[in-house]
Structures are given as C-alpha cells and as structure tokens.
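Listed below are the residues making up each chain.
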Amino acid sequence: MNRTDGKVALISGSARGLGAETARVFTRSGGKVVIADILDEVGLQTVAELKQAGADAVFVHLDVTSESDWQNAVETAVSSFGQLDVLVNNAGIFFTKTTEKMTLEDWRLMTSVNLDGVFLGTKAALPALQESAAKAEVGSAIINLSSVAGLTGARGASAYCMSKGGVRLYTKACALEFAHKRIRVNSVHPGLIDTDMGQQVIDSASRGSRTSEKVRKSMQSAHPIGRLGVPTDIANGVVYLASDDAAFVTGTELVIDGGSTAQ
Ligand SMILES: NC(=O)c1ccc[n+]([C@@H]2O[C@H](COP(=O)([O-])OP(=O)(O)OC[C@H]3O[C@@H](n4cnc5c(N)ncnc54)[C@H](O)[C@@H]3O)[C@@H](O)[C@H]2O)c1
C-alpha cells in the first residue's frame, strides 16, 4: 500500500516540519527525494538524517518565490535521479494581521510565498512531470499543501486564508488542465499540526492570561479526536496521493484535521 518505489519527489519547504516528515515517509515507502528550502543548514541536516536511514536524498537551495531557483531545483532532481514524478508544493508562511493593520507589503509577502510559490513550482516542474508520466504506468502527481484555513475563515488570518483558498481552487483547475497529460493534482488540508508553524499559530492566539498552554489545550479540544495533529498524519496523506493507490484521485481535497471542520 502507498508504495513509492522508483518515484522521485521534489518537496518544497522540506528542511523541517511537514515537508521533512513527508520526505521520511516517501523514502521509507521506496522513493527518492529532493529536499528544497531556503534553510540550507537545516535542509542539509535533514538530507544527512535521511541518508543515515539508507534513503536517497539531495538538498537544493530553493526560494519558492524565485523562478530561477525553481528551474535549478527541477534540474537537480533530474540530474540526480534521472526523472521527476512527484512535486509537493509544501513551503508556506503564516501570520495573523487584521485587514486594518495589514499593509500591501504584508499581503504581497503572503501572496508571493503561498501562491506565487505554488504557481512557479507547478510551471517549472510541468515538463519533467509530463515526461515521466508518459513512461509511467499511472502517471505523475502534484500535491499542494492548503489548510483548513482554505476551507473556512480564520479570524485575524485573512491573508493566510486568501492564500490557502487560492491554493485549493488552483489545484482543482490544474487537475482539469493536466488530466490529459496524466498528471494528477490534489490538495491536502491539515488542521493544527505540531510543527514550528503550528506553534506560531498557537502563539499568535496567546495574550495576557490566555497563555500559549491554555490556547494549546483549547485548540486540542477544537479537534474532536482530542489532540493536535502530528506531522506523520499529514505525510501519510501526501504520500498516499503521490502513490499509484491514488490512480483515480485528482482535483480532490484531502482534509486531515481530526474532525475540526466536520462540526
Ligand atoms: N502546521 C500546521 O498547523 C499547518 C496547518 C495547515 C497547513 N499547513 C501548511 O503546511 C505547509 C508546511 O507547514 P509546516 O507546519 O511544516 O511549516 P514550518 O514553518 O514548520 O515549515 C515550513 C518550511 O517552509 C520553508 N519556507 C518558508 N518560506 C519559504 C520559501 N520562500 N522558499 C522555500 N521554502 C520556504 C521554511 O524554511 C520551512 O522549512 C505550509 O504550506 C503550511 O501553510 C500547516
């Protein structure tokens, strides 16, 4: 189940957090990965850890807002492993700011990483994904990290919601556009997951007597399963969508949120 044997994945923002965990699960399932991030040192450590575990992995510096960095990242995948089968548009940023306080620069920062990054990655990877799809039994795959904040509004996080809502529908439109190229495109919608960004979400809701410990507890109970997510919860979903088990799955949104949006 969910095997990735022979597949090569390029994962943006994979030095740490959900991207790094996706790389661990993807390589344990048989695949090879390109770790791509602006955090060079952390990314190289992640590659060393993966190699220590017997995986095939390389690091490339990638700022997802840079078209030339994306070209270089795709070339690195192809020159290192001969092909590119899976693109995971995972890199993202989060901040809270009310519309009254938000500047156009804040808005553009969110747009540049969370939306331009997904567009540029998709565009750069397309020829390589199409080439591998033509040879593969099932085809190739793109998985975009959206959020539950791409499904419902979150108070104080309008720019983040805008970006993740955009990722959700960009995914569906690409699924239609690329279906005949045999490239499946799906989005994943995590609830609150324990990563650096997860902590950032908690800290942004903490003030005064509402300590970050209290916020964490209330967020745990907002997830009917009774806990926050762990990175593996999301990585398993991404790797399923990357695998041939998801051969008939495209344009869908996989919500992995402990039931938070079911209420
Ligand atoms: N953690 C959560 O609760 C949660 C919930 C819903 C969605 N998500 C989404 O999942 C994805 C991963 O989140 P995470 O929790 O692992 O976050 P994280 O902050 O722990 O890791 C994000 C990674 O992206 C990288 N990154 C940031 N800007 C970049 C850029 N311009 N170019 C390349 N890399 C860049 C960072 O260096 C980091 O390694 C994001 O898209 C996020 O919006 C996270």
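Caption draft 1: Local environment of the side chain of Ser243. Its location among the elements puts Ser243 in the loop between helix H8 (231-242) and strand E7 (253-256). When its relative accessible area of 0% is taken as the criterion, Ser243 is described as buried.

Caption draft 2: Summary view of the pairing of strand E1 (residues 8-12). By the criterion of burial, E1 is predominantly enclosed, with five of the five residues buried. Burial along E1 is two-sided: the face carrying Val8, Leu10 and Ser12 and the face carrying Ala9 and Ile11 are both buried. Pairing analysis gives five bridges linking E1 to strand E2 (residues 32-37), with the strands arranged parallel. Bridge pairing in E2 links Val8 to Lys32. As paired elements, E1 and strand E4 (residues 86-89) share three bridges and run parallel to each other. Within E4, the position partnered with Leu10 by the bridge is Leu87.

Caption draft 3: Highlighting the pattern of salt bridges. Scanning the entire structure with this criterion turns up 11 salt bridges. With a shortest N-O distance of 2.8 Å, Lys7 and Asp244 are connected by a salt bridge. Separated by 237 residues along the polypeptide, Lys7 in the segment before E1 and Asp244 in the loop between H8 and E7 bring together distant segments of the chain. Where Glu253 meets Arg168, a salt bridge forms, and the shortest distance between an N and an O atom there is 2.8 Å.

Caption draft 4: The site of the ligand, seen in detail. Taken together, 28 residues form the shell around the ligand, and within it Leu18, Asp37, Asn90, Tyr160 and Thr195 come nearest. At 2.8 Å from an oxygen atom of the ligand is found a main-chain nitrogen or oxygen belonging to Leu18. At a separation of 2.8 Å, an oxygen atom of the ligand approaches a polar backbone atom of Ile193. In isolation the ligand exposes 830 Å². Once the protein is present, 95% of that is buried. Listing elements by their share of the shell around the ligand, those giving two or more residues are helix H1 (17-28), helix H5 (158-178) and helix H6 (196-204). If you tally residues by element for the shell around the ligand, the top one is H6, at three residues.

Caption draft 5: Up close: the packing of aromatic side chains. As enumerated under the stated definition, the model contains one aromatic pair in all. Measuring from ring centre to ring centre gives 4.9 Å for Phe94 and Tyr160, while their planes differ by 80 degrees; the resulting arrangement is edge-to-face. Residue Phe94 is found in the loop between E4 and helix H4 (104-135), and its partner Tyr160 is found in helix H5; the two are separated by 66 residues along the sequence. Tyr160 gets classed as buried once you look at its relative accessible area, which sits at 8%.

Caption draft 6: A look at the side chain of Ser29. Tracing the chain through its elements places Ser29 in the loop between H1 and E2. Side-chain polar atoms of Ser29 contact the backbone oxygen of Val25, separated by 2.6 Å. The contact partners of Ser29, leaving out residues within four places of it in the chain, are Asn2, Arg3, Thr4, Asp5 and Val239.

Caption draft 7: Just the sheet that holds E7, in detail. The sheet built from seven strands is open, its strands ordered E3-E2-E1-E4-E5-E6-E7 with parallel pairing. One side of each edge strand has no neighbouring strand; the edge strands of this open sheet are strand E3 (57-61) and E7. Each strand axis lies, on average, 20 degrees off the axis of its neighbour in the sheet, ignoring direction. Strand contacts of H1: E1, E2, E4, strand E5 (140-145) and strand E6 (183-190), with the helix running at about 170 degrees to E2, the strand carrying the most contacts. Packing against the sheet, helix H2 (residues 40-52) makes contact with E2 and E3, and its axis sits at approximately 175 degrees to E3.

Caption draft 8: Up close: unusual backbone geometry. Positive phi outside glycine occurs at Asn2, with the angle close to 50 degrees. With respect to the element layout, Asn2 can be found in the segment before E1. Of note in this structure, Arg182 is not a glycine but carries a positive phi near 65 degrees. Judged by relative accessible area, which is 32%, Arg182 ranks as partly exposed.

Caption draft 9: Representation of H8 in the model. Counted at 1.5 Å a residue, the expected span for H8 with its 12 residues is 16 Å, and the 17 Å between its end C-alpha atoms agrees. For H8, every residue scored as buried is listed here: Ile234, Ala235, Gly237, Val238, Val239, Leu241 and Ala242. Each element contacted by the buried residues of H8 is listed here: H1, E4, E5, E6 and E7.

Parameters and conventions
- Residues numbered from 1 in each chain as written.
- Predicted model: local features only at pLDDT ≥ 70, side-chain atom pairs only at ≥ 80, totals over all residues.
- Heavy atoms only, no water.
- Helix = DSSP H or I, 4+ residues; strand = E, 2+ residues; numbered from the N terminus.
- Buried < 20%, exposed > 50% of the residue type's maximum accessible area, 1.4 Å probe, protein only.
- Pairing = 2+ DSSP bridges.
- Salt bridge = Lys/Arg side-chain N within 4 Å of Asp/Glu carboxyl O.
- Near = heavy atom within 4 Å.
- Polar contact = N/O pair within 3.5 Å; in protein donor to acceptor, adjacent residues only side chain to side chain.
- Areas by Shrake-Rupley, 256 points an atom, 1.4 Å probe, with all protein chains shown as cover.
- Phe/Tyr/Trp six-rings, centres within 6.5 Å; stacked < 30°, edge-to-face > 60°.
- Contact = heavy atoms within 4.5 Å.
- Axes fitted to C-alpha atoms, helices over the stretch in contact; angles between N-to-C directions.
- Expected span 1.5 Å × (residues − 1).

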